[in-house]
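# Descriptive structure summary
In case you want the letters, here they are:
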Amino acid sequence: MDLKVLRDNVSFVKVLIIGDMSVGKTALHERICQNVFHPCPLPTHGIDFKIKTVELCGKKIKLQIWDTAGQERFHTITTSYYRGAMGIMLVYDITNAKSFDNISKWLRNIEEHANEDVERMILGNKCDIEDKRQVSRERGTVIAREHNIPFLETSAKSNINVEKAFLDLATAILNKTPGKDSNETQGLHINKPESRSSKCC
């Protein structure tokens, strides 16, 4: 979606959550959209989305947040949704070193399939499980700095930095709008969500 359309005719901001299987994408999706946490959510089959409404200076903006499957067999389905995304959350699991190593693969997917000006953020999820940590916070910071991407560690279970992550990404997207006063983003806050689901099998 063109950012000018977003400014003049408030509609939706499309955000994708991507990453390896079992890194907590669905848990983050449910936490930000419904403020719930299920310890063992069912794997996402293809795509699932919900709407989260936020307000900026009294204007309603709908975040259309898409949860994507991490399994390789859904790769063709999920990458088809990259085009048109205004923001992408790239998630790894701090207790799973392989999911962190695959960050480079996911970044290549973004470069290949997403718009050039898409806003990105890297999330190191499950930071509440400190005793099983395999990826240091410093490693997350380093790879984010190398690619000039914001980075946060999150926990869907303990609700750590989840709201901040999505608000920061939304703010970065809105700040791209031509002619927008940067101070306007200070009025950004969350309302109760509107939820919808759509799955592809």
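Note that the structure is a prediction, hence the values are computed from the model and not measured.

Helix and strand counts for the chain stand at 7 helices and 7 strands. For the chain, the succession of helices and strands along the chain, N to C, is α-β-α-β-β-α-β-α-α-β-α-β-α-β. Split into buried and exposed, the 201 residues of the chain put 49% on the buried side. Taking the contacts inside the chain whose residues are at least 6 apart along the sequence as the reference set, 75% of them involve residues at least 24 apart.

Moving on to the confidence of the model for the chain. On average, the chain scores 80 in pLDDT, and the residues at 70 or more come to 72%. Note on residues 179-201: pLDDT under 50 across the span, and 62 contacts to partners over four residues away in sequence or across chains.

In this section: the packing of helix H2 (residues 25-34) against helix H7 (residues 162-174). In the contact formed by H2 and H7, the axes pass within 10 Å of each other and the chain directions differ by 80 degrees. Regarding the angle of H2 to H7, the classification is roughly perpendicular. Contact residues: H2 offers Leu 28, Arg 31 and Ile 32, while H7 offers Val 162, Glu 163 and Phe 166. Counted by class, the contact of H2 with H7 contains 4 nonpolar, no polar and 2 charged residues.

Let us look at the packing of aromatic side chains. Under the defined criterion, the tally for this structure stands at 3 aromatic pairs. Relative to Tyr 81, the ring of Trp 66 has its centre 5.0 Å away and its plane inclined at 40 degrees; by these criteria the two rings are tilted. Placement of the pair is Trp 66 in strand E3 (residues 59-68) and Tyr 81 in the loop between helix H3 (75-79) and strand E4 (87-93), with a sequence separation of 15 residues. Assessed through its relative accessible area of 9%, Trp 66 is described here as buried. An aromatic cluster is present here, built from Phe 49, Trp 66 and Tyr 81 joined pairwise through their rings.

Ranked by size, the top nonpolar core spans 27 residues in total, and within it Val 13, Ile 65, Met 89, Met 121, Leu 123 and Phe 166 carry the most contacts. Of all the elements in the fold, those that place two or more residues in this core are strand E1 (12-19), H2, E3, E4, strand E5 (119-125) and H7. Top contributing element to this core by residue count: H7, with 8 residues. In this view, Phe 166 contacts Val 15, Ile 17, Ile 32, Ile 65 and Met 89; residues no more than four positions away in its chain are not counted. In this structure, Tyr 92, Phe 100, Ile 103 and Phe 151 belong to the second largest nonpolar core, which totals 26 residues.

Right, let's talk about the pairing of E4 for a bit. Counting buried residues in E4 gives 7 out of 7 residues, a clear majority hidden from the surface. Because side chains alternate across E4, one face comprises the buried residues Gly 87, Met 89, Val 91 and Asp 93, and the other comprises Ile 88, Leu 90 and Tyr 92, equally buried. Here 5 bridges tie E1 to E4, and the two strands are oriented parallel to one another. Across the sheet, residue Gly 19 finds its bridge partner in E4, namely Val 91. Sheet topology places E4 next to E5; 7 bridges connect them, and they run parallel. Across the sheet, residue Met 89 finds its bridge partner in E5, namely Met 121.

With that out of the way, let us pick up unusual backbone geometry. With the exception of glycine, most residues fall at negative phi, and the peptide bonds are largely trans. Unlike most non-glycine residues, Ser 22 shows phi in positive territory, near 70 degrees. The phi dihedral of Asn 35 is positive, around 55 degrees, even though this residue is not glycine. Among the structural elements, Asn 35 can be located in the loop between H2 and strand E2 (47-56). Taking relative accessible area as the criterion, Asn 35 reaches 51% and is therefore assigned exposed.

A few words now on the environment of Val 162. Here Val 162 is to be found in helix H7. Assessed through its relative accessible area of 1%, Val 162 is described here as buried. Once residues within four sequence positions are removed from consideration, Val 162 is found in contact with Leu 28, Arg 31, Ile 32, Thr 154, Ser 155 and Ala 156.

Parameters and conventions
- Residues numbered from 1 in each chain as written.
- Predicted model: local features only at pLDDT ≥ 70, side-chain atom pairs only at ≥ 80, totals over all residues.
- Heavy atoms only, no water.
- Helix = DSSP H or I, 4+ residues; strand = E, 2+ residues; numbered from the N terminus.
- Buried < 20%, exposed > 50% of the residue type's maximum accessible area, 1.4 Å probe, protein only.
- Contact = heavy atoms within 4.5 Å.
- pLDDT = per-residue confidence, 0-100.
- Axes fitted to C-alpha atoms, helices over the stretch in contact; angles between N-to-C directions.
- Parallel < 35°, antiparallel > 145°, perpendicular 65-115°, else oblique.
- Nonpolar A, V, L, I, M, F, W, Y, C, P; charged D, E, K, R; others polar.
- Phe/Tyr/Trp six-rings, centres within 6.5 Å; stacked < 30°, edge-to-face > 60°.
- Core = buried A, V, L, I, M, F, W, Y, C linked by side-chain atoms within 4.5 Å.
- Pairing = 2+ DSSP bridges.

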